[in-house]
Amino acid sequence: MQHGAIGIFDSGYGGLTVLKEIVAQLPEYDYMYLGDNARAPYGTRSYESVYRYTLECVKWFFEQGCPLVILACNTASAKALRTIQQKDLPLLQASNRVLGVIRPTAEVIGQYTHSKKIGILATSGTVQSGSYVLEIEHFYPEVQVVQQACPMWVPLIENNRHETAGADYFIKECIDDLLQQDPEIDAILLACTHYPLLAKKIEQLLPKGIRLLSQGAIVASSLKDYLKRHPDMDQRLLKEGKQLFFTTDSAEEFNLHAGLFYGKDVQSQHIELLP
Ligand code: DGL
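Residues numbered from 1 in each chain as written. Predicted model: local features only at pLDDT ≥ 70, side-chain atom pairs only at ≥ 80, totals over all residues. Heavy atoms only, no water.

> I keep staring at the overall build of the protein and nothing clicks. Help me out?
Within the protein, the regular secondary structure consists of 13 helices and 10 strands. Since a compact globule built from 275 residues should have a radius of gyration of about 19 Å, the 18 Å found for the protein is in line with a globular shape. In terms of overall dimensions, the protein has C-alpha extents of about 50 × 40 × 35 Å along its principal axes. Residues classed as buried in the protein amount to 58% of the 275 residues present. Working note: accessible area of the protein is about 12200 Å², and carbon and sulfur atoms make up 50% of it. When the 25 positive and 32 negative side-chain charges of the protein are each reduced to one mean point, those points stand 3 Å apart. (Helix = DSSP H or I, 4+ residues; strand = E, 2+ residues; numbered from the N terminus. Rg over C-alpha atoms; globule rule 2.2 N^0.38 Å. Buried < 20%, exposed > 50% of the residue type's maximum accessible area, 1.4 Å probe, protein only. Areas by Shrake-Rupley, 256 points an atom, 1.4 Å probe, with all protein chains shown as cover. Lys, Arg positive; Asp, Glu negative; His and termini not counted. Charge placed at Lys NZ, Arg CZ, Asp CG, Glu CD.)

Dropping the structure here:
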């Protein structure tokens, strides 16, 4: 049985918005964060690529001794999680766990809408997978889900161009396209862990009465609950309050940008993944 830190994964920096909330709610645990920045963004990549990249990163976490890995990336949760859970996990480390961010969000999202119409803003990959539509239907069959892909948003954020006039154009375009599909939407989910960086801008563009939701706090509460319900897993997790950061690209570059997402500066290390 492995004992180790909780692994938090994203294609790049976005998962740091989730880690920030998890650490706020569960500060006593150890965490290892990995951003696959060398291959980000994942949002427009095929199932096969997202699955292969995500699996390589999950294997890396297991090699570091992490018994529990959270895919803090909607695209990876949508396109790779199920196959990893069902096909790979039993062969790799059957007692380890890999969890995603879509299910915990779908479990509670119905509480935030009166009109029973929810808007989802996400990467093309997450939208095409239909994962949110299926998961929300499962928990809240009365709720209608309207999706809008925002393919330009992650590249703008990853390149730190999200506060430019050019970015404003693409942000407004997607919001308008979403609301045109159904003007009765009264709750919108930022279903990509990069998007909280755009929350202020999006709020300014939204008509009054529409609630904007980010996933960080939702995923953190769900993890807290999961650990209470799974004491066997909880006992395998190190609790020295340490956080370590890793990237598949340049550590210097990661350190420069990570603070924007995490709320404070971090020192990362570069790693090479084995296929
Ligand atoms: N942050 C990721 C998500 O939640 C994806 C970003 C990307 O690589 O396109 O979907």
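There's more to say after this.
> Hey, could you run me through the nonpolar core in this one?
Across soluble globular proteins, you tend to see nonpolar side chains buried next to one another. One finds Ile-6, Leu-16, Trp-153 and Leu-227 to be the most contacted residues of the largest nonpolar core, which totals 54 residues. For this core, the element with the most residues is helix H9 (residues 165–181), which contributes six residues. Setting aside residues up to four positions removed in sequence, Trp-153 forms contacts with Leu-121, Phe-170, Ile-171, Cys-174, Ile-175, Tyr-195, Leu-198 and Ile-202. (Core = buried A, V, L, I, M, F, W, Y, C linked by side-chain atoms within 4.5 Å. Contact = heavy atoms within 4.5 Å.)

> Whenever I open this one, the pairing of strand E9 (residues 243–247) confuses me. Can you help?
Remark: a regular strand shows side chains that alternate across the two faces of the sheet. Here five bridges tie strand E2 (residues 31–35) to E9, and the two strands are oriented parallel to one another. The partner of Tyr-31 across the bridge, within E9, is Gln-243. Following the backbone out of E9, through helix H13 (residues 251–262) and into the adjacent parallel strand E10 (residues 268–270), one traces a crossover that is right-handed. (Pairing = 2+ DSSP bridges. Right-handed = clockwise from strand over helix to strand, strands pointing away.)

> I tried to follow the packing of helix H2 (residues 47–63) against helix H4 (residues 81–92) on my own but got confused; where do I start?
The packing of two helices is summarised by the inter-axis angle and the distance between the axes. Interhelical geometry of H2 versus H4 gives an angle of 40 degrees and a closest axis separation of 12 Å. Overall, the two elements H2 and H4 adopt an arrangement that is oblique. As H2 packs across H4, the resulting crossing turns out to be right-handed. For the pair H2 and H4, the contacting residues are Tyr-51, Thr-54, Leu-55, Val-58, Lys-59 and Phe-62 in the first and Thr-83, Ile-84, Lys-87, Asp-88, Leu-89 and Leu-92 in the second. Its residues assigned to classes, the contact of H2 with H4 shows seven nonpolar, two polar and three charged. (Axes fitted to C-alpha atoms, helices over the stretch in contact; angles between N-to-C directions. Parallel < 35°, antiparallel > 145°, perpendicular 65-115°, else oblique. Left-handed = near helix turned anticlockwise from the far one by under 90°. Nonpolar A, V, L, I, M, F, W, Y, C, P; charged D, E, K, R; others polar.)

> What am I meant to see in the pattern of salt bridges here?
Note that side chains of opposite charge can pair when their charged atoms are close. Under the defined criterion, the tally for this structure stands at 13 salt bridges. Here Glu-240 makes a salt bridge to Lys-242, at a shortest N to O gap of 2.8 Å. Note on Glu-240: relative accessible area 53%, which makes it exposed. According to the relative accessible area criterion, Lys-242 is partly exposed, its value standing at 45%. Within the structure, one salt-bridge network assembled from shared partners comprises Asp-36, Arg-39 and Glu-56. (Salt bridge = Lys/Arg side-chain N within 4 Å of Asp/Glu carboxyl O.)

> Which parts of the structure should I look at to understand the sheet that holds strand E4 (residues 97–99)?
Strands pair in a sheet through their backbones, by hydrogen bonds, and they do so in one of two ways: parallel or antiparallel. One open sheet holds the six strands; their spatial order is E4-E3-E1-E2-E9-E10, and the pairing between them is parallel. Here the strands that pair on one side only, and so sit at the sheet edges, are E4 and E10. Within the sheet, the average angular offset between the axes of one strand and its neighbour, ignoring direction, is 20 degrees. The pairing of strand E1 (residues 6–10) with strand E3 (residues 68–71) spans four bridges and is classified as parallel. The partner of Gly-7 across the bridge, within E3, is Val-69. Running at roughly 170 degrees to E2, helix H1 (residues 15–25) makes contact with E1, E2 and E9 of the sheet.

> Explain the environment of Lys-20 to me, please; I cannot follow it from the model alone.
Tracing the chain through its elements places Lys-20 in helix H1. According to the relative accessible area criterion, Lys-20 is partly exposed, its value standing at 39%. Each C-alpha atom, one on Lys-20 and one on Thr-54, is 21 Å from the other, the two residues being 34 residues apart in sequence. For Lys-20, the residues in contact, after removing those within four places along its chain, are Phe-261, Tyr-262 and Gly-263.

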